[in-house]
Amino acid sequence: MNDTEQMRTIAPNTVSILLGCEIEKEVYKSKSRGRITSTEYKTWRETFTLPEKGYERISLTCPICHRSFELRVFSISRARLRKLYFASCFLAIAACGIVFGVFAHGGKGEFMGYSLAAPFICFTVWQLRNVIRGKFDASDVVSHTVSHTRVKLHRIFDERKGIIFPDQ
């Protein structure tokens, strides 16, 4: 079954996310220089049902290393609010750059302020455009909870460019 057929069979309030487990392979070991390791990720796919409001904590067990970890799965409205929050942060940084450009006297200060603001304005427009279109990344919908102990690293991957939810 290819990806487009799989996307059609998944219900509208569920999302399929690719997760990965970090595997370290020893490449070189020396008494004087220590050891050099190469990091790879073995992946598997999980399907989550999105909650109606807020977020849910979901405990998972990695099928590769058999360790448990926790993910937070956000509702569409919560994911939209998170995207709007990041857009407002980008807008605040752009505003600071514009203010610096206005109050900096001389050519280099003005140029530096406006050139600092320009990419953040683009990021803001990009985030707002995705909010309006309803297009989210895997990191907008699913978040890894961070534990304070050193455990094996699990990452959230996504094969597609974004997850598009229909307007509700």
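Residues numbered from 1 in each chain as written. Predicted model: local features only at pLDDT ≥ 70, side-chain atom pairs only at ≥ 80, totals over all residues. Heavy atoms only, no water.

**Quick notes on the pattern of salt bridges**
Within the structure shown, the criterion is met by two salt bridges. Across the pair Arg57 and Glu70 runs a salt bridge, and its minimum N-O distance is 3.1 Å. Taken as a pair, Arg57 in strand β3 (residues 55-61) and Glu70 in strand β4 (residues 68-74) lie far apart in primary sequence, 13 residues in all. For Lys83, the salt bridge identified is with Asp140, shortest N-O distance 2.8 Å. Here Lys83 is found in helix α2 (residues 76-103), whereas its partner Asp140 is found in helix α4 (residues 138-141), with 57 residues between them in sequence. Accessibility classification places Lys83 together with Asp140 in one group, the buried group. (Salt bridge = Lys/Arg side-chain N within 4 Å of Asp/Glu carboxyl O. Helix = DSSP H or I, 4+ residues; strand = E, 2+ residues; numbered from the N terminus. Buried < 20%, exposed > 50% of the residue type's maximum accessible area, 1.4 Å probe, protein only.)

**As for helix α3 (residues 107-133)**
Counted at 1.5 Å a residue, the expected span for α3 with its 27 residues is 39 Å, and the 39 Å between its end C-alpha atoms agrees. Three or more residues of α3 are buried, namely Gly109, Gly113, Ala117, Phe120, Thr124, Gln127, Asn130 and Val131. Looking at the packing, one finds that the buried side of α3 touches α2 and β5 (135-136). Immediately beyond the C-terminal end of α3, within one or two residues, lies Gly134, with a positive phi of roughly 80 degrees. (Expected span 1.5 Å × (residues − 1). Contact = heavy atoms within 4.5 Å.)

**Things to note about the packing of α2 against α3**
Contact geometry for α2 and α3: axes closest at 7 Å, N-to-C directions at 165 degrees. Compared by their axis directions, α2 and α3 come out roughly antiparallel. For the pair α2 and α3, the sense of crossing is left-handed. A class-by-class count of the residues in the contact of α2 with α3 yields 18 nonpolar, seven polar and three charged. (Axes fitted to C-alpha atoms, helices over the stretch in contact; angles between N-to-C directions. Parallel < 35°, antiparallel > 145°, perpendicular 65-115°, else oblique. Left-handed = near helix turned anticlockwise from the far one by under 90°. Nonpolar A, V, L, I, M, F, W, Y, C, P; charged D, E, K, R; others polar.)

**Quick look at the environment of Gly134**
Tracing the sequence through the fold places Gly134 in the loop between α3 and β5. What makes Gly134 buried here is its relative accessible area of 2%. Spatially, the C-alpha atom of Gly134 lies 8.0 Å from that of Arg80, the residues being 54 residues apart in sequence.

**Things to note about the side chain of Lys83**
We classify Lys83 as buried; its relative accessible area is 1%. A polar side-chain atom of Lys83 sits 2.8 Å from a polar atom in the side chain of Asp140. If sequence neighbours within four positions are ignored, Lys83 has contacts with Gln127, Asn130, Val131, Lys135, Phe136, Asp137 and Asp140. (Polar contact = N/O pair within 3.5 Å; in protein donor to acceptor, adjacent residues only side chain to side chain.)

**Let's talk about a nonpolar patch on the surface**
A cluster of nonpolar side chains, namely Ile98, Val99, Val102, Phe103, Tyr114, Ile121 and Val125, defines an oily patch on the protein surface of about 630 Å² accessible area. Looking at the nonpolar patch, the elements with two or more residues in it are α2 and α3. Top contributing element to the nonpolar patch by residue count: α2, with four residues. Tracing the backbone through its elements, the reader meets Phe103 in helix α2. Overall, Phe103 belongs to the exposed group, its relative accessible area being 62%. (Patch = residues over 30% accessible without salt bridge, like charges linked within 9 Å, V, L, I, M, F, W, Y side chains within 5 Å. Areas by Shrake-Rupley, 256 points an atom, 1.4 Å probe, with all protein chains shown as cover.)

As far as function goes, none of this settles anything; it's purely spatial.
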